[in-house]
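So the chains spell out like this:
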Amino acid sequence: MAIWDKANVEGKLRFTDLVESARQWVPVIRRYGADVVVVTVHAGDNGMSS
């Protein structure tokens, strides 16, 4: 759940597990022909951010 802007994004955005999302979507992107998939992430590292 978004902590930083919860009032504005609750019910509008979903925050899913990064690794699970990559496992789901990287194969799909590869099937569309991508030779390389680069994943960038902006996430907190103190356990308090979503």
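Let's talk about the overall build of the chain
A tally of helices and strands in the chain yields two helices and zero strands. Counting across all 50 residues of the chain, residues that qualify as buried make up 6%. Looking at the chain as shown, the accessible area adds up to about 4,800 Å², and 54% of this sits on carbon and sulfur atoms.

Here we look at helix 2 (residues 18–31)
The end-to-end C-alpha separation of helix 2 is 20 Å, in line with the 20 Å expected for 14 residues at 1.5 Å each. The sharpest bend along helix 2 measures roughly 25 degrees and falls at W25, with the proline P27 sitting one to four residues further on. At the N-terminal end of helix 2, a side-chain oxygen is found 3.1 Å from the backbone nitrogen of V19, two or three residues along, and the residue is D17.

A short note on the environment of R30
Of note, R30 is situated in helix 2. For R30, a relative accessible area of 46% puts it in the partly exposed group. In this structure R30 touches D35 and V37, once residues within four positions along its chain are discounted.

Structural notes on a nonpolar patch on the surface
On the surface, L18, V19, V39 and V41 cluster together to form a nonpolar patch covering roughly 370 Å² of accessible area. Turning to its location among the elements, V41 is positioned in the segment after helix 2.

What about the environment of A22?
With respect to the helices and strands, A22 occurs in helix 2. Note on A22: relative accessible area 28%, which makes it partly exposed. Taking C-alpha positions, A22 is 9.9 Å from V37, a pair spaced 15 residues apart along the chain.

Here is what the cut-offs are and how they apply
Residues numbered from 1 in each chain as written. Predicted model: local features only at pLDDT ≥ 70, side-chain atom pairs only at ≥ 80, totals over all residues. Heavy atoms only, no water. Helix = DSSP H or I, 4+ residues; strand = E, 2+ residues; numbered from the N terminus. Buried < 20%, exposed > 50% of the residue type's maximum accessible area, 1.4 Å probe, protein only. Areas by Shrake-Rupley, 256 points an atom, 1.4 Å probe, with all protein chains shown as cover. Expected span 1.5 Å × (residues − 1). Bend = angle between axes of the 7 residues up to and from the residue. Polar contact = N/O pair within 3.5 Å; in protein donor to acceptor, adjacent residues only side chain to side chain. Contact = heavy atoms within 4.5 Å. Patch = residues over 30% accessible without salt bridge, like charges linked within 9 Å, V, L, I, M, F, W, Y side chains within 5 Å. Salt bridge = Lys/Arg side-chain N within 4 Å of Asp/Glu carboxyl O.

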